[in-house]
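Coordinate inspection notes
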Amino acid sequence: MLALFENPRLRGGIHAEEHKNETSAKPIATSLPLPKKLYVPVQQHVGKPAEPVVKVGDKVLKGQLLAHSQGNISAPVHAPSSGSILDVLDYPAPHPSALPIRTIVIGTDGQDQWINTDIPSDPFLLEPEEICSRVGAAGVVGLGGAVFPSAVKLGLGRKNQIHTLLINAGECEPYLTCDDRLMQERADEIVAGIRLMLRGMNAPQATIGIEDNKPEAYQAMYQASEAFANINVVQVPTRYPMGWDRQMLRYLTGWEIPADGRATDIGVVIHNVATAHAVYRAVCLGQPLISRVVTVSGGAIGKPQNVEVLIGTLMTHVLKFCKVDKDKVARLIMGGPMMGDALPIAEVPVVKACNGILALTADDIELPEVKPCIRCSSCVTACPVGLLPLEMASRIKANQLEAAVDLGLKDCINCASCSYVCPSNIPLVHYFKFASGELYKRQQMEHRSEQTKRLMDDRNQRMERIRLEAEAEAKRVAEARAARAREQAQAKPVVTEESA
Amino acid sequence: MNIKPVSGPHVLAVRRVEDIMRKVVLALLPAVGWGILIFGWPALFLTAITVAAALVFEAVCLKMKGVAAKPYLYDGSAVLTGLLVAMTLPPWAPWWIGVVGSAIAIVLGKQVYGGLGQNLFNPAMLARVALLISFPIEMTTWVEVKPLLFGPGILDSLAITFSANTNDAVAGATTLGAVKTGFSLNQTLPGLLYDYNSFLAFIGWERGSLGETSSLLILVGGLWLAREGVIRWHIPLSLLASITILSLIFHWIDPQHYLSVWVHLNSGALMLVAFFIATDYVTSPNTPLGQVVFGAGCGLLIFVIRSWGGYPEGTGFAILLMNAVTPLIDHYIRPRIYGRYRNGKPLDISQS
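What you see is a predicted model, and the numbers here were worked out from it, not measured in a lab.

Counting secondary structure elements, chain B contains 16 helices and two strands. With the principal axes as the frame, chain B shows a C-alpha extent of 70 × 55 × 30 Å. Out of the 352 residues belonging to chain B, those deemed buried represent 51%. Contacts in chain B between residues far apart in sequence, at least 24 positions, make up 76% of those at least 6 positions apart.

The next thing to look at is the overall build of chain A. When you go through chain A residue by residue, the secondary structure sums to 14 helices and 16 strands. The C-alpha radius of gyration computed for chain A amounts to 30 Å, which surpasses the reference 23 Å derived for 500 residues by more than 25%, pointing to a less compact arrangement than a globule. The long-range share in chain A, meaning contacts at least 24 apart out of those at least 6 apart in sequence, stands at 73%.

Moving on, we come to the sheet that holds strand E15 (residues 341-343) of chain A. Paired through their backbone hydrogen bonds, the strands of a sheet run either parallel or antiparallel. All names here are of chain A. Taken in spatial order, the five strands of this open sheet run E13-E12-E16-E14-E15, and their pairing is mixed. Where the open sheet ends on each side, the last strands, each with one partner, are strand E13 (305-310) and E15. In this sheet, neighbouring strand axes are inclined to one another by 30 degrees on average, regardless of whether the strands run parallel or antiparallel. As defined by bridge partners, strand E14 (residues 331-334) adjoins strand E16 (residues 356-360) across four bridges and the pair is classed as antiparallel. Within E16, the residue paired with isoleucine 333 across the bridge is leucine 358. Strand contacts of helix H4 (residues 178-185): strand E12 (291-297), E13 and E16, with the helix running at about 125 degrees to E12, the strand carrying the most contacts.

Residues and elements named next belong to chain A. Domain boundaries in chain A define domain 1 (127-310) and domain 2 (378-438). Computed from C-alpha atoms alone, the centre-to-centre distance between domain 1 and domain 2 is 29 Å. Contacts between domain 1 and domain 2 engage five residues on the former and five residues on the latter. Residues belonging to the side of domain 1 that touches domain 2 are distributed by class as follows: four nonpolar, one polar and no charged.

The next subject is helix H2 (residues 41-65) of chain B. For H2(B), with 25 residues, the first-to-last C-alpha span of 36 Å sits near the 36 Å given by 1.5 Å per residue. Immediately beyond the C-terminal end of H2(B), within one or two residues, lies Gly66(B), with a positive phi of roughly 85 degrees.

Residues and elements named next belong to chain B. At a closest axis distance of 9 Å, the pairing of helix H15 (residues 288-308) and helix H16 (residues 315-332) adopts a crossing angle of 150 degrees. Comparing their axes, H16 and H15 come out roughly antiparallel. Taken as a pair, H15 and H16 cross one another with a handedness that is right-handed. Residue-level contacts link Gly290, Val293, Phe294, Gly297, Cys298, Leu301, Ile302 and Ile305 of H15 to Thr315, Phe317, Ala318, Ile319, Leu321, Met322, Val325, Thr326, Ile329 and Asp330 of H16.

The next subject is the sheet that holds strand E1 (residues 37-41) of chain A. Residues and elements named next belong to chain A. Strand order in the open sheet formed by four strands is E1-E7-E6-E3, and the pairing between neighbours is antiparallel. The sheet terminates laterally at E1 and strand E3 (59-60), the two strands that pair on one side only. Pairing of E1 with strand E7 (residues 100-108) involves five bridges; the strand directions are antiparallel. Considered in E7, the bridge of valine 40 is made with isoleucine 104.

Residue and element names in this part refer to chain B. Between H2 and helix H8 (residues 154-162), the shortest axis-to-axis distance is 8 Å and the interhelical angle comes to 50 degrees. Between H2 and H8, the angle is such that the two are oblique. Our pair here, H2 against H8, has a crossing hand that is right-handed. Here H2 contributes Trp41, Pro42, Phe45 and Leu46 to the contact with H8, which in turn contributes Ile154, Ser157, Leu158, Ile160 and Thr161. Class assignment of the residues belonging to the contact of H2 with H8 gives a composition of seven nonpolar, two polar and no charged.

The subject of this paragraph is the interface of chain A and chain B. Taken together, the contacts link 60 residues of chain A with 40 residues of chain B. Partitioned by chemical class, the residues of the side of chain A that touches chain B number 38 nonpolar, nine polar and 13 charged.

Quick look at unusual backbone geometry now. Residues and elements named next belong to chain A. Here the amide bond leading from tyrosine 240 into proline 241 is cis, since omega sits at -5 degrees, within 30 degrees of zero. Among the structural elements, proline 241 can be located in the loop between strand E10 (231-236) and helix H7 (245-253). A positive phi angle, close to 55 degrees, is found at histidine 19, a residue other than glycine. We note that alanine 98 has phi near 55 degrees; this positive angle belongs to a residue other than glycine. The exposure class of alanine 98 is partly exposed, given the 16 C-beta atoms found within 10 Å.

In terms of nonpolar packing, the biggest core is built from 242 residues, with Val135(A), Leu165(A), Met221(A), Val279(A), Val294(A) and Val318(A) touching the most fellow members. In terms of residues, this core owes the most to one element, helix H1 (residues 17-39) of chain B, which gives twelve residues. Of the domains in this structure, domain 1 (127-310) and domain 2 (378-438) of chain A are the two that each give at least three residues to this core. With sequence-adjacent residues up to four places away left out, Val279(A) is seen in contact with Val135(A), Val140(A), Ser150(A), Gly193(A), Leu196(A) and Met197(A). With six residues, the next largest nonpolar core counts Ala178(B), Val179(B), Leu259(B) and Val263(B) among its residues.

Pairing analysis gives nine bridges linking strand E6 (residues 83-92) of chain A to E7(A), with the strands arranged antiparallel. Each bridged residue has a counterpart across the sheet, and for Leu89(A) the counterpart in E7(A) is Thr103(A).

Per-chain confidence: chain B averages 90 in pLDDT, with 96% of residues scoring 70 or above. Confidence metrics for the complex model read pTM 0.87 and ipTM 0.88.

On the secondary structure map, Leu38(A) appears in strand E1. Each C-alpha atom, one on Leu38(A) and one on Val283(A), is 25 Å from the other, the two residues being 245 residues apart in sequence.

Reading guide: rules and limits
- Residues numbered from 1 in each chain as written.
- Chains lettered and ligands numbered in written order.
- Predicted model: local features only at pLDDT ≥ 70, side-chain atom pairs only at ≥ 80, totals over all residues.
- Helix = DSSP H or I, 4+ residues; strand = E, 2+ residues; numbered from the N terminus.
- Buried ≥ 20, exposed ≤ 12 C-beta atoms within 10 Å, placed from the backbone.
- Contact = placed C-beta atoms within 7 Å.
- Rg over C-alpha atoms; globule rule 2.2 N^0.38 Å.
- Pairing = 2+ DSSP bridges.
- Axes fitted to C-alpha atoms, helices over the stretch in contact; angles between N-to-C directions.
- Domains from an automatic or database assignment.
- Nonpolar A, V, L, I, M, F, W, Y, C, P; charged D, E, K, R; others polar.
- Expected span 1.5 Å × (residues − 1).
- Parallel < 35°, antiparallel > 145°, perpendicular 65-115°, else oblique.
- Left-handed = near helix turned anticlockwise from the far one by under 90°.
- Core = buried A, V, L, I, M, F, W, Y, C linked by C-beta atoms within 7 Å.
- pLDDT = per-residue confidence, 0-100.

Here is the structure:
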């Protein structure tokens, strides 16, 4: 009935059990023992993988460049601690497949010795381009989970003359409190980061959106930004997926980003709050992104808390620190329980994208039987995008992927609200991910067959050209021969005449 | 540890299909209880037989389909269908009416389409309409109100429900039936409604179907369901609003030939249909706007059939007709996708 009075700016969404109290009141633990080995993948971001610049046996200092960025959209990675390079190998990635990716292994020396950092005397006087390049060189990427290189986004913002920087501090996923804690403890540093971002983009003002289930974080941020008139802190309703940047933007401003566009098209750039903190460290302290705050929680964790973890630390190390009960772990998740990835093994490194490690027990995750769809349209109500999940799933089930695309499959953000509310427990998101993967595969196949066809055509043309050339050559030779013969024939009579 | 790749979400809401069905049944119970209270033991027997028959037919169909029947029998959908069928029957109807009704609802209305969630028409309304057309006498014999302890005893009641010949109880017409007959005899309102008591009609002390007489109790159940989030307001509100507006207009133009709003709202199956039948998930549209269109269409058809049709009550036909239109509504009325216009084109940057 309350739907009558619904805010038109707030479509769909769900409210899951929060499970944030387990970790939100405890300070971020910074006492995680330094692991013996660090496994730093060269690709922890969207775009091209970084190219290693170190060799096995090299000594590296904390913060030293390990691999430099490649191409326009890429990010470098740095040594999270001092030590020597033990290996550059393919190591399982923190991904549902656990397929190996290129990883640099550092044997730490326990010194944790920093490289000489370049600290500007007044970072707020740096040129915008300089801020961007420093952010890029520090390997800062979107820490909300999208891991898009932040410098690229800042550059886009500067080029497009944006009018608003939106700081996404929704943190709508259940269990996760890393941004919450960061705001409570390091609000001043975050605000400094936001000011640097504003300067880096020549943007006039910033808005920070915080879900209203984090009043302490709101207070801290409010106080920290009080001195700056161009930074607003706003509370937004607690409703997953508020942290979907486009949902928050719509709620706060009423604007929608066109389906085929970017936020910069309408003069907005959206960054995660933890990214702002990383920008602060990169520019003000000269420290590259080598650690991040990770929420470690779930029923199987004895000591749920937020931990500052060096990138490349194995999850097993972090889990042990938080007193995991291995026998109770029914599912290990990187990220939140809504959109996070279930990991098959725990011997994978913490990467820049990892905002949470959840060890859920069998009680936390239910595995109820899948029933037929009763068309209750709960999924339609829950979808923040405005899709018809039940119709899309029925098309995909019938292998009519094109029909699913017509219904808006490509607009789906995989937020899993539909699967969450489904009373028949239909794994809707699983269908959508499957279909997207299948479509990608088909596209690749098509691409490949097109390429084959092109090569074939090229070859045919080449052969034709060779044939024509050969013919022309043969003709020329024949003509030449004929001409010679004629010449001889002509010459002969002359001779005969002469002789005659 | 689990190796099989699974997509999120890794947590789920707690509401399940069986919870929904249980709540709907619960919301119907006051009205059913009232029906049994005012029409006596035969009403109880008929309800029990109809629900039991629905379960048996469901089990048989599932068996024939070759699936495990147990989880489906326990999901409560067959019980709900049986209960809804029973509620639309005349309270003293013979036992076989209930059995045939359940058979039509479960076998023809639901399982031949593929079972739960696949049917085009609301099973209970399909059964009601089929019974009405096939057995008009049994389906229009309305007993007077005979409260549980003041009517026939248990044995007499068993005879009423199980005897082969139609019982000769004191019977009359429903309000809508009486008005329809009156009009055909060139009588006019308000004289036709000389013994109509609007308060008794509201609380349900009147002739009518087993579980449809009490608008009050059905309304209470329906509002509770809405509060529980099982149904949404779009269909009931648009249905009741459309019939209210239409009857207001026509009653104002010609009060001698068109019933007033109050009589419309408190007669026949209207409340039951508005809150429990039209809101059937399977056979109603998926989008809020589609649901409003659907509800308004139901209201319009009910009013048209009641006012100008051959039958005194048009809810069953109206629902079936709108059920048939539902796929069309769902095809044309879709939610607007984020960042796109309704036609699917991306938003213009200048206008967003």
